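# Working through the structure, step by step
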Amino acid sequence: MTALAAPARALPARARNRYLAGLLTGRGLTGLALVGTVALAGLLAPLLTGQDPDAQGPLALAGPSAAHPFGTDDLGRDLFSRVLHGITTDLALILSAVPVGALAGCSLALLSATHRWADTAVQRAFDLVLAFPGLILALAVTAVLGPGRWPVFIVIALAEIPLFGRQLRSGILVQREREYALAARVGGASRGRVLLRHVLPNAVDPLIVQAAVALSVGVFIEGAMSFLGLGVRPPEPTLGSILSQSVGYLATRPTFAAAPLAATTALVLGFTLIAEALNRGIRR
């Protein structure tokens, strides 16, 4: 029985090696480079630009120059500063909301794995959240709380709860029928011990990939909410709000949208490449 139960403890170490192997591929390194470059630019925003992102100036819709590398927006605000601070705002929201959604989803999945009645209730709750399109969910939350950081945070977290929950539940259902789990139960281990010590460590592999996908989805949700005026309140910059401002000037000043669009694309593409690299590493 000990031999049968051993893989439950050895697998996580092998999984970590597979994650690393996946990230060290060309796809993984490209994703890390894209996300790392954008994140570092946002983190160093106060050092890279001395401009106040909210300070208006007389040069509205000015082109790139030494003083304004990305030009200015329709209110004369420095786009370089606004884009860098917008990256910071976006990443702060996404990197806080996704873990909360993941923790809530995984907790509900563990609850559903321990009690049959809880499984039915949790799955119906997941169905209810998934039944709402993202835009309707955003409108509903904003209607109650009004625009701001909290609605964006809540919508991202709510959208991720059923995805993480069902991913973990599926893994648990598969792993608890494996030989090592059966051996642990025959050996006298309690149901909770088998779940937490043996089954759970082997069921988390897909969650690592899901986390990278969720970060990519979070970028889309924040951008869409800010683009529609449901996100962070102005004048605080976000990538979505800057893109929304630029729509009316695409014909006359297409470079207005270039920087926020490039940053958003780099983040989404980077997280997607990381997710694909991790997925390929796990499947090896």
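Cut-off values and rules
- Residues numbered from 1 in each chain as written.
- Predicted model: local features only at pLDDT ≥ 70, side-chain atom pairs only at ≥ 80, totals over all residues.
- Heavy atoms only, no water.
- Core = buried A, V, L, I, M, F, W, Y, C linked by side-chain atoms within 4.5 Å.
- Buried < 20%, exposed > 50% of the residue type's maximum accessible area, 1.4 Å probe, protein only.
- Helix = DSSP H or I, 4+ residues; strand = E, 2+ residues; numbered from the N terminus.
- Expected span 1.5 Å × (residues − 1).
- Bend = angle between axes of the 7 residues up to and from the residue.
- Axes fitted to C-alpha atoms, helices over the stretch in contact; angles between N-to-C directions.
- Left-handed = near helix turned anticlockwise from the far one by under 90°.
- Contact = heavy atoms within 4.5 Å.
- Nonpolar A, V, L, I, M, F, W, Y, C, P; charged D, E, K, R; others polar.
- Parallel < 35°, antiparallel > 145°, perpendicular 65-115°, else oblique.
- pLDDT = per-residue confidence, 0-100.
- Phe/Tyr/Trp six-rings, centres within 6.5 Å; stacked < 30°, edge-to-face > 60°.
- Patch = residues over 30% accessible without salt bridge, like charges linked within 9 Å, V, L, I, M, F, W, Y side chains within 5 Å.
- Areas by Shrake-Rupley, 256 points an atom, 1.4 Å probe, with all protein chains shown as cover.
- Salt bridge = Lys/Arg side-chain N within 4 Å of Asp/Glu carboxyl O.

## Focus: the nonpolar core
It is characteristic of soluble globular proteins that their nonpolar side chains tend to be buried jointly. Counting residues in each nonpolar core, the largest one holds 56 residues, and the members touching the most others are I87 and L168. If you list the elements that add at least two residues to this core, you get α2 (26-43), α4 (79-114), α6 (134-145), α7 (149-175), α9 (191-203), α10 (205-227), α11 (239-246) and α12 (255-283). Here this core gets 14 residues from one element, more than from any other, and that element is α4.

## Let's talk about α7
The terminal C-alpha atoms of α7, which comprises 27 residues, lie 39 Å apart, in line with the 39 Å expected from a rise of 1.5 Å per residue. Along α7, the largest kink reaches about 25° and is centred on E160; proline P162 follows within four residues of it.

## Digging into the packing of α11 against α12
Two numbers describe how α11 lies on α12: the axes approach to 9 Å, and their chain directions differ by 145°. Crossing geometry of α11 relative to α12 is assigned as left-handed. Of the residues in α12, those touching α11 at L239, I242, L243, Q245 and S246 are F256, A257, P260, L261, A263, T264 and L267. Per-class residue counts for the contact of α11 with α12 are nine nonpolar, three polar and no charged.

## Details of the packing of helix α5 (residues 116-131) against α7
Axis separation between α5 and α7 bottoms out at 9 Å; the angle between their running directions is 140°. The angle between α5 and α7 places the two elements in the oblique class. Like other packed secondary-structure pairs, α5 and α7 cross with a definite hand, here left-handed. Seen from α5, the contacting residues are D119, Q123, F126, D127, V129 and L130; seen from α7, they are L158, I161, P162, L163, G165, R166 and R169.

## Looking at the environment of I94
Along the polypeptide, I94 turns up in helix α4. In this structure I94 comes out as buried when scored by relative accessible area, which is 0%. Distance in space between the C-alpha atoms of I94 and A157 is 8.8 Å, their sequence separation being 63 residues. Residues within four places of I94 in sequence aside, it is in contact with P99, I156, L215, G218 and V219.

## Some words on the confidence of the model for the protein chain
When pLDDT is averaged across the protein chain, the result is 84; 89% of the residues are at 70 or more. Counting contacts from residues 1-11, a segment whose pLDDT is below 50, to residues more than four positions away or on other chains yields 17 contacts.

## As for the packing of aromatic side chains
Counted under the stated rule, the structure contains three aromatic pairs. Ring plane angle 85° and centroid distance 5.0 Å describe the contact between F70 and F80, whose orientation is recorded as edge-to-face. Of this pair, F70 sits in the loop between α3 (45-48) and α4 while F80 is found in helix α4, placing the two residues 10 residues apart along the sequence. Taking the centre distance of 5.9 Å and the plane angle of 25° together, the rings of Y249 and F256 count as stacked.

## With respect to a nonpolar patch on the surface
The grouping of L128, F132, L135, I136, L139, F227, L228, V247 and L250 at the surface amounts to a nonpolar patch, some 810 Å² of accessible area in total. Sorting elements by how many residues they give to the nonpolar patch places α6 first, with three residues. Structurally, the position occupied by I136 is in helix α6. A residue is classified by how much of its surface remains accessible, and I136, at 39% relative accessible area, is partly exposed.

## A look at the pattern of salt bridges
A full pass over the atoms with the stated rule returns eight salt bridges. D127 is paired through a salt bridge with R166; the nearest N and O atoms lie 2.2 Å apart. Here the residue D127 occupies a position in helix α5, and R166 occupies one in helix α7, the gap between them amounting to 39 residues. Here the salt bridges do not stand alone but share partners, grouping D54, D73, R77 and R82 into one network.

## Looking at the environment of G42
As for its position among the elements, G42 is in helix α2. For G42, a relative accessible area of 4% gives the class buried. Considered as a pair, G42 and L84 are 42 residues apart in the sequence and their alpha carbons are 4.8 Å apart. Residues within four places of G42 in sequence aside, it is in contact with L84, I87 and T88.

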